[in-house]
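# Commentary on secondary and tertiary structure
In case you want the letters, here they are:
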Amino acid sequence: MSDPHFEHLRRQGWIVRPARLEDVPTAVAMFNAAESDLFGAGAYSLERYLQEWQAPGFSLEQDTRLVLTPDGKPAGCAEVWTLADPPAYPWIWGRVDPAYEGLGIGSAMLAWSLTRALASLERVPPDARFAPRVATRPGHTASTSLFEDFGFSLARSNWRMAIDLAAPPALPAWPLGIRLRPYRHPQDLEAVYRCVRDSFRDHWGYVDVPFEQGLALFRHSSTVLHPVEPDLWFVAVDGAEIAGISLCRRRADDDAEVGWVDILGVRRAWRMRGLGLALLLHSFHAFRHAGAARAGLGVDSGSLTGATRLYARAGMSVSREVALYELELRPGRELGTQA
């Protein structure tokens, strides 16, 4: 396979090829070593990666490159995600084993990833802005320097927010006319996705995708990647209409003692009435009842809907920051929500 970006590594004896499902055990060990260097803890499991690399539309052959030492040990891996249509903001994800930093692996992987991302440009409207994105921990010298050398600039930051559940959280106060009803799987999945879709239209960077494609990706995420836990999927209704949802998991990827809020969303017509706060507090109580020591979630630090203020009112604080960088390869009309 000819990938010119990797030729200098091959000449030095490195092996470069697409990832394979049988690589998952050794690759995940490398990912967790790199993640620990970045954030202090690994976050990846064998089960998650076996499912993630089989996501609908994702091709290991086309969308990944694995760099191995001459004796076959994974040293780096790059993934390029362009599943959503239009793929105006390709997501580039890569990790290099800290033991092999400074050898040009990250540069080669990023150069290949940008070339791969450009292959999706034909699926983006010709007047639209095209800007691949990457992320790292603020202050991580190696990755930040790499991104800036390629011309990436800081676009946004995301926060992980958390709360200790040693003491009981405040009780939720439900808006008049709102009630919780049990989630029924799988018959409620499409209705919940419609609520997710409506709730996130006002979030920074949201790009509308064809409904059926979005539903397929949501179904994969909710039934394969992170299987639904029906007793932790909270559906708030006004009459027969879903007004908001809190979709949770008993355990965060990187900490079995943390209950994780995957998605908290309230449709526009029901905002500013305290529904989001009520759903969040209800979720905290459910986590505490299930034995979680803490609860956590991820959020855009500059949330257009004021989510960070809501989470702070619920007692949460920032525990981690992730810096989002992007490289504008073509200027044009912004497809993602900006304001």
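The structure this text deals with has already been given above.
Per-chain numbering applies: the sequence of each chain, read as written, is numbered from 1 onward. Whole-chain, interface and lining totals are the exception, using all residues; otherwise, since this is a predicted model, local features are given only for residues with pLDDT of at least 70 and side-chain atom pairs are given and counted only at 80 or more. To get the side-chain values, all heavy atoms of the structure are used, and hydrogens and water are removed first.

Two numbers describe a pair of packed helices, the interaxial angle and the distance between the axes. Convention adopted: a line fitted to C-alpha atoms gives each axis, helices being fitted over their contacting stretch, and angles between N-to-C directions are expressed from 0 to 180 degrees. Helical segments are the DSSP runs of H or I of at least four residues, strand segments are the runs of E of at least two, and each set is numbered from the N terminus. Contact pair helix H7 (residues 189-200) / helix H8 (residues 211-225): the axes reach a minimum separation of 10 Å and the direction vectors enclose 110 degrees. It follows that H7 is roughly perpendicular to H8 by the angle criterion. Seen from above, H7 lies across H8 with right-handed handedness. Along the contact surface, H7 presents Leu189, Glu190, Val192, Tyr193, Arg194, Val196 and Arg197, while H8 presents Phe211, Gly214, Leu215, Phe218, Arg219, Ser222 and Thr223. Orientation labels follow simple angle bins: below 35 degrees gives roughly parallel, above 145 gives roughly antiparallel, 65 to 115 gives roughly perpendicular, and whatever is left gives oblique. What makes a crossing left-handed is the near helix being turned counterclockwise from the far one by less than a right angle; a clockwise turn instead makes it right-handed. Contacts are assigned to residue pairs that have any heavy atoms within 4.5 Å of one another.

The α-helix winds at 3.6 residues per turn, so residues separated by three or four positions along the chain end up facing the same way. A helix is expected to span 1.5 Å for every residue after the first. Between its first and last C-alpha atoms helix H5 (residues 105-118) spans 20 Å; for 14 residues at 1.5 Å apiece the expected length is 20 Å, and the two agree. Only protein chains enter the accessibility calculation, which uses a 1.4 Å probe; a residue is then buried when its area is under 20% of its type maximum, exposed when over 50%, and partly exposed in between. Counted residue by residue, H5 has 10 buried out of 14 residues, so it is predominantly covered. Among all positions of H5, only Ile105, Gly106, Ala108, Met109, Leu110, Ala111, Trp112, Ser113, Leu114 and Ala117 are buried.

With that settled, consider the pattern of salt bridges. A pair is scored as a salt bridge if a Lys or Arg side-chain nitrogen falls within 4 Å of a carboxyl oxygen belonging to Asp or Glu. Overall, the coordinates contain 32 salt bridges when judged by the stated rule. Among the ionic pairs, Asp23 bridges to Arg17, the shortest N-O distance being 2.8 Å. A single burial state applies to Asp23 and to Arg17, both of which are buried. When salt bridges with common partners are traced through the structure, they connect Arg197, Asp198, Arg201, Asp208, Glu241 and Arg267 into a single cluster.

Two cysteines whose sulfur atoms are joined by a covalent bond form what is called a disulfide. The disulfide criterion is simple: two cysteine sulfur atoms within 2.5 Å. Summed over the entire model, instances satisfying the criterion amount to 0 disulfides. Left unpaired, Cys195 is separated from the closest cysteine sulfur, that of Cys248, by 13 Å.

Turning next to the pairing of strand E10 (residues 258-266). Judged by how many residues are buried, E10 sits mostly within the fold: 8 of 9 residues are covered. Direction of pairing for strand E9 (residues 241-249) relative to E10: antiparallel, over a ladder of 6 bridges. Within E10, the residue paired with Ser246 across the bridge is Leu264. For two strands to be treated as a pair, DSSP must find no fewer than two bridges joining them. Both E10 and strand E11 (residues 294-300) contribute to a ladder of 3 bridges, which runs parallel. Bridge pairing in E11 places Val258 opposite Arg294. In the classification by handedness, the crossover that spans E10, the intervening helix H9 (residues 275-289) and the parallel E11 is right-handed. For a crossover, the right-handed case is the one in which the path from the first strand over the helix to the second runs clockwise, viewed with the strands pointing away from the viewer.

Turning next to the nonpolar core. We call a set of buried Ala, Val, Leu, Ile, Met, Phe, Trp, Tyr and Cys residues a nonpolar core when their side-chain atoms join them within 4.5 Å. Judged by nonpolar contacts, the single largest core of 29 residues is most densely connected at Leu275, Leu280, Phe284, Phe287, Leu297, Tyr311 and Met316. Elements supplying a minimum of two residues to this core: strand E6 (153-164), strand E8 (233-238), E9, E10, H9, E11 and helix H10 (307-313). With 7 residues, the single largest contributor to this core is H9. In terms of nonpolar packing, the next biggest core, distinct from the first, is built from 25 residues, Val16, Val67, Met109 and Leu327 among them.

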